[in-house]
Amino acid sequence: MAESAAAIGLLQGLDPKAAADLLEQAQRRTIGADEELFTAGRPARSVHVLASGAAKLMQTTPSGARIIVKYIRPGEIFGSPALLDRFYPTDAVAVTDCVELQWPSELIRTVIDRHPRVALNVIGDLEARLREMEGRLRDLSNEPVEHRLARAILKLVDTFGQQTGEGVEVPFPVSRQDLADLIGSTLPTVSRTLRAWETQRQIQRYRRRLVIADVEAVARILYQEAAPVPKPRRSHRRAAGR
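Thresholds applied
- Residues numbered from 1 in each chain as written.
- Predicted model: local features only at pLDDT ≥ 70, side-chain atom pairs only at ≥ 80, totals over all residues.
- Heavy atoms only, no water.
- Helix = DSSP H or I, 4+ residues; strand = E, 2+ residues; numbered from the N terminus.
- Buried < 20%, exposed > 50% of the residue type's maximum accessible area, 1.4 Å probe, protein only.
- Contact = heavy atoms within 4.5 Å.
- Areas by Shrake-Rupley, 256 points an atom, 1.4 Å probe, with all protein chains shown as cover.
- pLDDT = per-residue confidence, 0-100.
- Pairing = 2+ DSSP bridges.
- Arc of directions from axis to C-beta.
- Polar contact = N/O pair within 3.5 Å; in protein donor to acceptor, adjacent residues only side chain to side chain.
- Axes fitted to C-alpha atoms, helices over the stretch in contact; angles between N-to-C directions.
- Parallel < 35°, antiparallel > 145°, perpendicular 65-115°, else oblique.
- Left-handed = near helix turned anticlockwise from the far one by under 90°.
- Nonpolar A, V, L, I, M, F, W, Y, C, P; charged D, E, K, R; others polar.

1. With respect to the overall build of the protein
In terms of helices and strands, the protein carries eight helices and twelve strands. A buried classification covers 44% of the 242 residues belonging to the protein. Sequence separation of 24 or more characterises 72% of the internal contacts of the protein that already satisfy a separation of 6 or more. Counting every atom, the protein has about 13,800 Å² of accessible surface; 53% of that belongs to carbon and sulfur.

Below you can see the structure in the form of structure tokens.
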């Protein structure tokens, strides 16, 4: 299958011949669902672009907790630390069967010397990713779980959503644990919130399928105040001892 240069962020703005030449030099790999594209801590030797399918970038904390940093869509650059001869900071795992393109970092640096537009494309991707991370940090520090979960689901809808007869579906498996790892929460909290939304028919779940039946209703959650957390009641024993 031939990839279109117009759909690949790394090649945006290049003249057609230069883009075609760079595509010809790419190493093309087919990756099965749940297979690793690269692992954290390994030397970064290649710049990657997803040609089709979906993948996720993940980190594991020293305590063993898993964090989903980002879902990667087709055309998106990842693995760019290779340009600085550094190590991959995350694991990259295929969520579906996918095709990726790789270029050796030395080749991309040579291309950047001849075509500064490629450097601008990489910088633009990094800048967008930085804004996204800043937003997530703000959410983690200030927003309740319901808002963080709604925002994460809406982001998945905006990036990957496909219209079906039941609503807008995220076209790859998204478990409750995945959502918890994505928003920095716990599985019980996310499960409880999703059950409430399922009862209200805002979303539907079929095993690991996630279908948003009412996108507008999920969006409205962002403008609602979170339910107050009940304060712990004083025990009778403590009250009697006063």
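After that view, the rundown keeps rolling.
2. Description of the confidence of the model for the protein
For the protein, mean pLDDT is 84; residues scoring 70 or higher make up 89% of the total. Here helix H8 (residues 236-240) stands out as the least confident element of the protein, with mean pLDDT 44; strand E7 (residues 91-94) is the most confident, with 95. Predicted confidence is poor over residues 227-242, with pLDDT under 50, and the contacts of this stretch with residues over four places away or in other chains come to one contact.

3. Looking at the environment of Thr60
For Thr60, the location among the structural elements is in strand E4 (residues 55-60). Separated by 20 residues in the primary sequence, Thr60 and Ala40 place their C-alpha atoms 9.1 Å from one another.

4. Comments concerning unusual backbone geometry
Apart from glycine, the bulk of residues carry a negative phi angle, and the bulk of peptide bonds sit in the trans form. In this structure, Asp34 is a non-glycine residue whose phi angle is positive, near 75°. Among the secondary structure elements, Asp34 is positioned in the loop between strand E1 (27-31) and strand E2 (36-38). Phi angles above zero are rare outside glycine, and Arg201 is one such case at about 60°. Positionally, Arg201 belongs in the loop between helix H6 (187-199) and strand E11 (203-206). By relative accessible area, Arg201 is classed as exposed at 70%.

5. Digging into the sheet that holds strand E3 (residues 46-52)
On the basis of which strands lie adjacent, the open sheet formed by four strands has the order E1-E8-E3-E6 and antiparallel pairing. The two strands at the open ends of the sheet, each matched to only one other strand, are E1 and strand E6 (77-78). Where E1 lies against strand E8 (residues 98-104), five bridges are found, and the strand directions are antiparallel. Along E8, the bridge assignment pairs Ile31 with Cys98.

6. Section: helix H1 (residues 16-24)
Among all positions in H1, only Ala18, Ala19, Leu22 and Leu23 are buried. An end-on view of H1 places all buried positions within 135° of arc, on one side of the element. In H1, the exposed residues that point more than 90 degrees away from the buried face are Pro16, Lys17 and Glu24. Each element contacted by the buried residues of H1 is listed here: E8 and helix H2 (105-114).

7. Structural notes on the environment of Asp97
Counting through the fold element by element, Asp97 comes out in the loop between E7 and E8. You can call Asp97 exposed: its relative accessible area is 59%. Along the backbone, Asp97 and Gly53 are 44 residues apart, and their C-alpha atoms lie at a distance of 6.0 Å. Discounting residues that sit within four places of it in the chain, Asp97 has contacts with Ile31, Gly32, Ala33 and Gly53. Of the polar contacts made by the side chain of Asp97, one reaches the backbone nitrogen of Ala33; its length is 2.9 Å.

8. Comments concerning the packing of helix H5 (residues 176-183) against H6
Remark: H5 packs on H6, axes separated minimally by 9 Å, with the N-to-C direction vectors making an angle of 115°. The orientation of H5 with respect to H6, classified from their angle, is roughly perpendicular. Regarding H5 and H6, the two cross each other, and that crossing is right-handed. Contacts from Arg176, Gln177, Leu179, Ala180 and Ile183 in H5 reach Leu187, Val190, Ser191, Leu194, Arg195 and Glu198 in H6. Broken down by class, the residue content of the contact of H5 with H6 amounts to six nonpolar, two polar and three charged.

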